[in-house]
Amino acid sequence: MIDKDAIARTRIIPVVMLQDAADAVPLARALAAGGLPLIEVTFRTAAAQESIRRIAGEVPEAVAGAGTVINAAQARQAVDAGAQFLVSPGFLPEVASAASELGVPLYPGVATGTEIMQALAAGLTTLKLFPAETVGGVKAVKALSAPFPQVQFIPTGGVSLSNLADYLSQPAILAVGGTWMVGKELIAAKDWAKITELASAAVAKAKEVRP
Ligand code: 3PG
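Let us look at the structure shown here. (Residues numbered from 1 in each chain as written. Predicted model: local features only at pLDDT ≥ 70, side-chain atom pairs only at ≥ 80, totals over all residues. Heavy atoms only, no water.)

### Observations concerning the site of the ligand
This is how the line gets drawn: The near set for a molecule or strand comprises every residue that places at least one heavy atom within 4 Å of it. N or O atoms within 3.5 Å of each other form a polar contact, as long as, within protein, one can give a hydrogen and the other can take it, and as long as residues adjacent in sequence are counted only when both atoms are side-chain atoms. For the accessible areas, the method is Shrake-Rupley and the probe is 1.4 Å, while residue cover comes only from the protein chains on display. Under the grouping applied here, Gly and all other residues not named as nonpolar or charged are polar, the nonpolar ones being Ala, Val, Leu, Ile, Met, Phe, Trp, Tyr, Cys and Pro and the charged ones Asp, Glu, Lys and Arg.
Surveying the vicinity of the ligand reveals the residues Arg 44, Phe 130, Thr 156, Gly 157, Gly 158, Gly 178 and Thr 179. Side-chain polar atom of Thr 179 to an oxygen atom of the ligand: 2.5 Å apart, as the coordinates give it. Taken by itself the ligand offers 310 Å² of open surface, and the protein chains cover 78% of this. When grouped by side-chain class, the residues that make up the shell around the ligand number one nonpolar, five polar and one charged.

### Some words on the packing of aromatic side chains
So the rule is basically this: Here a pair means two rings of Phe, Tyr or Trp (six-membered ring of Trp) with centres within 6.5 Å. Their orientation is stacked below 30 degrees between planes, edge-to-face above 60, and tilted elsewhere. Only DSSP runs of H or I with at least four residues qualify as helices, and only runs of E with at least two residues qualify as strands; both kinds are numbered from the N terminus onward. Partly exposed describes any residue whose relative accessible area lies between the buried limit of under 20% and the exposed limit of over 50%, with all areas from a 1.4 Å probe on protein chains only and scaled to the type maximum.
As enumerated under the stated definition, the model contains one aromatic pair in all. For the ring pair Phe 85 and Tyr 107, a centre distance of 6.3 Å and an interplane angle of 50° mean the geometry is tilted. Of the two residues, Phe 85 is situated in the loop between helix H4 (72–81) and strand E4 (86–87) and Tyr 107 in strand E5 (residues 106–107); the sequence distance between them amounts to 22 residues. Like Phe 85, the residue Tyr 107 is buried in the burial classification.

### Regarding the sheet that holds strand E8 (residues 152–155)
Through backbone hydrogen bonds, the strands of a sheet pair up, either in parallel or in antiparallel fashion. As a reminder, the rule being used: Pairs of strands are assigned from DSSP output, requiring at least two bridges between the strands.
Across the sheet, three strands lie side by side as E6-E7-E8; this open sheet has parallel pairing. Of all strands in the sheet, those with a lone pairing partner are strand E6 (109–110) and E8, marking the two edges. Direction of pairing for strand E7 (residues 126–129) relative to E8: parallel, over a ladder of four bridges. Along E8, the bridge assignment pairs Leu 129 with Pro 155.

### Describing the pattern of salt bridges
Pairing of side chains with opposite charge becomes possible as their charged atoms draw close. Put simply, the rule reads: By definition, a salt bridge exists where a carboxyl oxygen of Asp or Glu is found within 4 Å of a side-chain nitrogen of Lys or Arg.
Here the structure, examined in full by the defined rule, presents six salt bridges. Ionic pairing is found between Asp 23 and Lys 190, a salt bridge with its closest N-O pair at 2.6 Å. On the criterion of sequence distance, the pair formed by Asp 23 in the loop between strand E1 (12–16) and helix H2 (24–33) and Lys 190 in the loop between helix H9 (184–188) and helix H10 (192–209) is long-range, its members being 167 residues apart. Through salt bridges that share partners, Glu 50, Arg 53, Arg 54 and Asp 80 make up one connected network.

This is a description of form; function is not addressed.
This is the structure we're talking about:
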């Protein structure tokens, strides 16, 4: 299972939506080739579970996780397919319990002090700030870090190459998530080379902040 160190090394988690599981392996290879081995496959499409299964089985250089996990059943399906981490858009105790039983890390979405307190009560300290830009971006991270210095954030939602450095320069930010290097047009066009190029550019930008 991955741990915080793996995320701290990469600092960027691509958030992907796959309509066709046949795209999962070339996409994961393209991202890993660009330096982004962690991949969050969202449970927003029927192809999610099979996509995770294929990445886990066929792309050893990548680490498949599941995103948009909104109930315990999805958490089980994801881990059954080989997901090594789970991400939720919000915090739900049944998802936290399932993740704990399954032995995988869960990064639940939070946007308020109340949600952070609920996540902390479930023993979780690495939390997704979602939707990051909409709820205040870097300013929100700074404000929420004051009462919650034990929390490490993974802001997601509105992060791009242009604001990546602002986020990653914050000590309370472990990593960011986003779709900007895996746009649906690029996947539909099977433009794996472009995806590798965008992943590499993101990695280069992150290294400017923290080599
Ligand atoms: C999502 O769950 O869709 C993520 O927050 C991605 O947001 P983005 O498209 O703004 O990167």
